[in-house]
Amino acid sequence: MRQQPVALSQAVGPGRPARGTERSAARRAELIAIGRRLFADRSYDALSMDDIARQAHVAKGLIYYYFRSKRGYYLAIIQDSVADLVTYAASGLELPAVDRLHRTLDSYLTFAEHHQAAYRAIVSGGVGFDAEVHAIRDGVREAIVDTIAEGAYGRTGVGPLARSGLFSWVCSVEGATLDWIERPALTRDTLCELLVKTLGGTLRAIEELDPSCPAPPPARRDPAGTPDPAGTAGPTSG
């Protein structure tokens, strides 16, 4: 039986509520912003709490006060980073579907490029089996699948075949992104365009196997077998 996805608000929410006043919330947010910079290109084990406190210019006890532990601090940093990414991906509803897809992928790749250690931790599920990091990763996957489904079909409630196809594309994006940040031979724009085109192939394959999910016009091919970049080709007869 398919495991029920973790609710997005649970997976990528802000974590434990800040203690006390608005000033406390602001201080907590400041510590998370500092942590995002510190862990952008460093793994969890690369920094001790003493290192973090020294580079953040705060007492170590302050970090424990807000986050209870180094792991709690690290999870709050990842949750905050991912929440920004997911919120951005879900926005831009006024844009054409293709423009919104390019925008979402560019934001995703930019995040991975500038937060490589955090991105690797999220995609790999943390060190060993980390249920909370897995929940964050699964929440991101579900959010992106829903964003693509909404743009392609006008709804998030698609059948199992379409959802499986979109999910497999999201996982391929993760693999391609991991390879790209390790061996950045392609420009971000080139990789983005490649991922857009592979999504088109996925959407056409979904339509072929499930005609109730027709590929949107930009993903179609004209009679000569080339993509219809202007999105002018009409829907195929079902």
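That block above? That's the structure.
Remember, predicted model here, so these are calculated numbers, not experimental data.

Enquirer: What is the right way to read the packing of helix H9 (residues 160–182) against helix H10 (residues 188–209) from this model?
Expert: When two helices pack together, their arrangement is captured by the angle between the axes and the distance separating the axes. For the pair H9 and H10, interaxial distance at closest approach is 10 Å and the crossing angle is 160°. Comparing the axis directions of H9 and H10 gives the class roughly antiparallel. Along this stretch, H9 crosses H10, giving a crossing that reads as right-handed. Within the contact between the two elements, H9 uses Leu161, Ala162, Gly165, Leu166, Trp169, Val173, Ala176 and Trp180 and H10 uses Arg188, Leu191, Leu195, Thr198, Leu199, Thr202, Leu203, Ile206 and Leu209. Of the residues in the contact of H9 with H10, the class split is 13 nonpolar, 3 polar and 1 charged.

Enquirer: I would appreciate a short explanation of the pattern of salt bridges in the present structure.
Expert: Pairing is possible between side chains that carry opposite charge, provided their charged atoms lie close to one another. This structure, assessed with the given rule, holds 16 salt bridges. The closest approach of N and O atoms between Asp80 and Arg36, which form a salt bridge, is 2.7 Å. Taken together, the residues Asp80 in helix H5 (residues 70–90) and Arg36 in helix H2 (residues 22–38) connect sequence positions 44 residues apart. The class of Arg36 is buried, set by a relative accessible area of 19%. Measuring nitrogen to oxygen at the nearest pair gives 3.2 Å for the salt bridge that ties Glu182 to Arg120. With Glu182 in helix H9 and Arg120 in helix H7 (residues 116–124), the pair connects residues that are 62 residues apart, well separated along the chain.

Enquirer: So what exactly am I meant to see when it comes to the packing of aromatic side chains here?
Expert: Per the counting criterion, the structure on display carries 6 aromatic pairs. Ring centres of Tyr44 and Tyr74 lie 5.1 Å apart, and the angle between their planes is 65°; this geometry places the pair in the edge-to-face category. Taken together, the residues span a long stretch of sequence, with Tyr44 in the loop between H2 and helix H3 (49–56) and Tyr74 in helix H5 at a distance of 30 residues. Site record: aromatic cluster; members linked through ring pairs are Tyr65, Tyr66, Phe67 and Tyr73.

Enquirer: Teacher, can you tell me more about H2 here?
Expert: Helical periodicity: at 3.6 residues per turn, an α-helix aligns residues three or four positions apart in one direction. Compared with the 24 Å implied by 1.5 Å per residue over 17 residues, the 24 Å span of H2 between its first and last C-alpha is a close match. Where H2 is concerned, the buried positions are Ser24, Arg28, Leu31, Ile32, Ile34, Gly35, Arg36 and Leu38. The inward-facing, buried residues of H2 contact H3, helix H4 (60–67) and H5.

Calculation criteria
- Residues numbered from 1 in each chain as written.
- Predicted model: local features only at pLDDT ≥ 70, side-chain atom pairs only at ≥ 80, totals over all residues.
- Heavy atoms only, no water.
- Axes fitted to C-alpha atoms, helices over the stretch in contact; angles between N-to-C directions.
- Helix = DSSP H or I, 4+ residues; strand = E, 2+ residues; numbered from the N terminus.
- Parallel < 35°, antiparallel > 145°, perpendicular 65-115°, else oblique.
- Left-handed = near helix turned anticlockwise from the far one by under 90°.
- Contact = heavy atoms within 4.5 Å.
- Nonpolar A, V, L, I, M, F, W, Y, C, P; charged D, E, K, R; others polar.
- Salt bridge = Lys/Arg side-chain N within 4 Å of Asp/Glu carboxyl O.
- Buried < 20%, exposed > 50% of the residue type's maximum accessible area, 1.4 Å probe, protein only.
- Phe/Tyr/Trp six-rings, centres within 6.5 Å; stacked < 30°, edge-to-face > 60°.
- Expected span 1.5 Å × (residues − 1).

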